[in-house]
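Results of the structural survey
So the chains spell out like this:
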Number of protein chains: 2
Amino acid sequence: MKYRKIPDETIRRLPMYLRAFSLLRTEATETISSRQLAQRLGLNSPQIRKDLSYFGAFGTRGVGYPVEATARRIRQILKLNKVQKAVLIGAGRLGTALVAYPGFSSFNLDIAAVLDNDPKKIGKKIGPIKIENTDRISTLKKRDIRLAILAVPAEAAQKTTENLVKAGIRGILNLSPCHLKPARPVKIIDIDLASQLGILPYYM
Amino acid sequence: MKYRKIPDETIRRLPMYLRAFSLLRTEATETISSRQLAQRLGLNSPQIRKDLSYFGAFGTRGVGYPVEATARRIRQILKLNKVQKAVLIGAGRLGTALVAYPGFSSFNLDIAAVLDNDPKKIGKKIGPIKIENTDRISTLKKRDIRLAILAVPAEAAQKTTENLVKAGIRGILNLSPCHLKPARPVKIIDIDLASQLGILPYYM
DNA sequence: CAATGTGAACAGCTTCACAGCC
DNA sequence: GGCTGTGAAGCTGTTCACATTG
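Residues numbered from 1 in each chain as written. Chains lettered and ligands numbered in written order. Predicted model: local features only at pLDDT ≥ 70, side-chain atom pairs only at ≥ 80, totals over all residues. Heavy atoms only, no water.

Below, the discussion takes up the overall build of chain A. Check the secondary structure of chain A and you find seven helices and nine strands. Reported as C-alpha extents along the three principal axes, the dimensions of chain A are approximately 60 × 40 × 35 Å. Across the 204 residues in chain A, those meeting the buried criterion constitute 48%. Taking all contacts inside chain A whose residues are at least 6 apart in sequence as the whole, residues at least 24 apart take part in 56%. A total of about 10,300 Å² of accessible surface is found on chain A, and carbon and sulfur atoms cover 51% of it. Taking the average place of the 35 positive charges on the side chains of chain A and the average place of its 16 negative ones, the gap between the two points comes to 5 Å. (Helix = DSSP H or I, 4+ residues; strand = E, 2+ residues; numbered from the N terminus. Buried < 20%, exposed > 50% of the residue type's maximum accessible area, 1.4 Å probe, protein only. Contact = heavy atoms within 4.5 Å. Areas by Shrake-Rupley, 256 points an atom, 1.4 Å probe, with all protein chains shown as cover. Lys, Arg positive; Asp, Glu negative; His and termini not counted. Charge placed at Lys NZ, Arg CZ, Asp CG, Glu CD.)

Right under this line is the structure:
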């Protein structure tokens, strides 16, 4: 396919595809058609074919997509073929739950540090990770941590963002219910749990 | 405006607007222009005007939107003007964090029940709520609970969904990393935390 | 024959530009 | 003058239809 800008929506779906292909591998399936995959994921098949075709042709006509090779390719596209370290800011209940969440490792994502500003928490451990003081944000760069999960109260979110950007963080998963304004452009993904639940009654 | 289908994206933004208007009320602001609001939320102003105009004209030209009345109107549109009860299925770390999360109440959302299938957890309390056995799903209808937050392991998600639908649940916030197939059509919102974090490296 | 890859048609959402109103 | 409300234009993403290939 001649070059066309890759839609953000396509990127958003790639982790889903990757998870599906990883699962298929454990089922010892060698290939899968876009039709079958679509049914598993609740999409339709042209969607999947188009998404994958943005990155070149890696299916086989008449057969489908090779499970192992496609998984590897998606990992490469998403830069998940090597471990990506993330810092968690905010060791509250939500933050703590995330550190323990086993789902990150299958994407090669590693929560390598946890920071909080509550003196009572600092030094305590969550699983294998020791909670550090928030002022240690400045050490993230040399520790090769470029991703952050922001799970602090709304009041602290903006200030923390500024510090994260100064510390060389390149992407933020924002779980606090407010719009962040980074000094330099940084990819931010917002997840506002209460808002999402708040949408449901409309559709009842 | 003559009738036009209301975009899902508009609905998705309404909780954000509602939160902003609620906050403005505490700041004793009486009106706000689409421009000012857009800046706070990181949107642009025609977006906000169009979104709100789908539900009728409730701003004042030359002035802006009345804070109190607009908040009330949005609450009404989203059916958040009365308390909406939700059940949490899965009292793991993530589930427990959600029950304690204070952000739901500002939308009139109330986690009124928590269910889990681990005998060791049943009977224990999370804050004021006692954990019940999962088989009590069947009691949700008569307890006027129509929303569910699904925070169970992937293996249990599909089966639980089927039971929820049977029990009259009308909307599901799905936190498990899999595609649910409800027997009857039910609004499902998927939040896959690991996938979202997995997107970030691509943009670095 | 079965399934991919893809231009083209289509649908949905956002942005623009400006008329209308306070 | 300032700001809303809105048709129209523009853009992005999805679906279709089918030529193409193993």
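Close to DNA strand C lie 26 residues, the nearest being Met 1, Ser 34, Arg 61 and Tyr 65 of chain A together with Arg 13 of chain B. Backbone atoms, meaning sugar plus phosphate, form 67% of the atoms of DNA strand C positioned within 4 Å of the protein. One of the side-chain nitrogen or oxygen atoms of Arg 61 of chain A is found 2.8 Å away from a base oxygen of DNA strand C. Going through the elements one at a time, α3 (45-53) of chain A together with α1 (8-26) and α3 (45-53) of chain B are the ones with two or more residues in the surface near DNA strand C. At four residues, α3 of chain B tops the list of elements feeding residues into the surface near DNA strand C. Tallied by class, the residues present in the surface near DNA strand C amount to seven nonpolar, 10 polar and nine charged. (Near = heavy atom within 4 Å. Polar contact = N/O pair within 3.5 Å; in protein donor to acceptor, adjacent residues only side chain to side chain. Nonpolar A, V, L, I, M, F, W, Y, C, P; charged D, E, K, R; others polar.)

Counting from both sides, the interface comprises 54 residues of chain B and, opposite them, 54 residues of chain A. Roughly 5,100 Å² is buried in total at the junction of chain B and chain A, and carbon and sulfur atoms are behind 73% of that figure. Together, Leu 197, Tyr 202 and Met 204 of chain B form the three largest contributors to the area buried by chain B at its contact with chain A, with a combined 15%. For Asp 192 of chain A, the salt bridge goes to Arg 19 of chain B, with nearest N and O atoms at 2.3 Å. For the pair chain B and chain A, the interface holds 14 residue pairs in polar contact (both at pLDDT 80 or more). Breaking the side of chain B that touches chain A down by element, the ones donating at least two residues are α1, α2 (34-41), α5 (93-100), β7 (147-150), β8 (171-174), β9 (187-190) and α7 (193-203) of chain B. Of the residues forming the side of chain B that touches chain A, the biggest block, 11 residues, is contributed by α7 of chain B. Among the residues making up the side of chain B that touches chain A, the classes are represented as 33 nonpolar, 10 polar and 11 charged. (Buried area = accessible area lost by both parts, 1.4 Å probe. Salt bridge = Lys/Arg side-chain N within 4 Å of Asp/Glu carboxyl O.)

Let us look at the nonpolar core. Judged by nonpolar contacts, the single largest core of 102 residues is most densely connected at Phe 21, Val 114 and Ile 149 of chain A together with Phe 21, Val 114 and Ile 149 of chain B. Once residues within four sequence positions are removed from consideration, Val 114 of chain B is found in contact with Leu 88, Ala 91, Val 99, Ile 126, Ile 129, Lys 130, Ile 131 and Glu 132 of chain B. (Core = buried A, V, L, I, M, F, W, Y, C linked by side-chain atoms within 4.5 Å.)

Residue and element names in this part refer to chain B. Of all six residues in strand β3 (residues 84-89), five are buried; the element is thus mostly enclosed. As paired elements, β3 and strand β4 (residues 109-116) share six bridges and run parallel to each other. Looking across to β4, one finds that Leu 88 is bridged to Val 114. As judged from the four bridges shared by β3 and β7, these two strands associate in the parallel manner. From the neighbouring strand, Leu 88 faces β7, where its bridge partner is Ile 149. (Pairing = 2+ DSSP bridges.)

Next up on the list: the sheet that holds β9 of chain B. Residue and element names in this part refer to chain B. One open sheet accounts for seven strands, arranged β5-β6-β4-β3-β7-β8-β9; its pairing is mixed. Taken across any chain shown, the strands that pair with only one partner, and hence form the sheet edges, are β5 (125-126) and β9. Sitting on the sheet, helix α6 (residues 154-166) is in contact with β3, β7 and β8, with an inclination near 170° to β7. (Axes fitted to C-alpha atoms, helices over the stretch in contact; angles between N-to-C directions.)

Segmentation of chain A into domains returns domain 1 (8-77) and domain 2 (84-197). Centre-to-centre separation of domain 1 of chain A and domain 2 of chain A, based on C-alpha positions: 30 Å. (Domains from an automatic or database assignment.)

So, on to the packing of aromatic side chains. Within the structure shown, the criterion is met by four aromatic pairs over all chains. Summarising the aromatic geometry, the rings of Tyr 202 of chain A and Tyr 203 of chain A are spaced 5.0 Å apart at their centres and angled 80° between planes, so their arrangement reads as edge-to-face. Lying across the ring of Phe 58 of chain B, Arg 73 of chain B places its NZ or CZ 5.8 Å from the centre. A cation over a ring is seen here: Lys 187 of chain B above Tyr 203 of chain A, with NZ or CZ 4.0 Å from the ring centre. (Phe/Tyr/Trp six-rings, centres within 6.5 Å; stacked < 30°, edge-to-face > 60°. Lys NZ or Arg CZ within 6 Å of the ring centre and 35° of its normal.)

All names here are of chain B. It is at 9 Å that the axes of α1 and helix α4 (residues 67-77) come closest, and there the two elements cross at 145°. By crossing handedness, the relation of α1 to α4 is classed as left-handed. Residues Leu 14, Tyr 17, Leu 18, Phe 21, Ser 22, Leu 24 and Arg 25 of α1 form the contact with α4, whose participating residues are Val 67, Glu 68, Thr 70, Ala 71, Ile 74, Arg 75 and Ile 77. Each residue belonging to the contact of α1 with α4 can be placed in one class, and the counts come to nine nonpolar, two polar and three charged. (Left-handed = near helix turned anticlockwise from the far one by under 90°.)

Let's shift gears to the relation of the copies chain B and chain A. Overlay of chain B on chain A (RMSD 0.0 Å): rotation 180°, translation along the axis 0.0 Å. One copy is carried onto the other by what is essentially a two-fold rotation axis. Relative to the rotation axis, the C-alpha of Leu 94 of chain B is the closest in chain B, positioned 3.2 Å from it. (Least-squares fit on C-alpha atoms with pLDDT ≥ 70 in both.)

What follows deals with the environment of Ala 86 of chain A. Residue and element names in this part refer to chain A. In this fold, Ala 86 is placed in strand β3 (residues 84-89). Residue Ala 86 is classed as buried on the basis of its relative accessible area, which comes to 1%. It is 30 Å that separates the C-alpha atoms of Ala 86 and Gly 42, two residues lying 44 residues apart in sequence. Each residue touching Ala 86, except ones within four places of it in the same chain, is listed here: Asp 110, Ile 111, Ala 112, Ala 113, Ile 145 and Leu 147.

What follows deals with the protein's contact with DNA strand D. As a structural note, the neighbourhood of DNA strand D is formed by 25 residues, with Arg 13 and Arg 61 of chain A together with Met 1, Ser 34 and Tyr 65 of chain B the closest of them. Expressed as a percentage, the sugar and phosphate content of the atoms of DNA strand D within 4 Å of the protein is 65%. Ser 34 of chain B is positioned with one of its side-chain polar atoms (N or O) 2.6 Å from a phosphate oxygen of DNA strand D. Within the side chain of Arg 49 of chain B, a nitrogen or oxygen atom sits 2.9 Å from a base nitrogen of DNA strand D. Secondary structure elements with two or more residues in the surface near DNA strand D: α1 (8-26) and α3 of chain A together with α3 of chain B. A class-by-class count of the residues in the surface near DNA strand D yields seven nonpolar, nine polar and nine charged.

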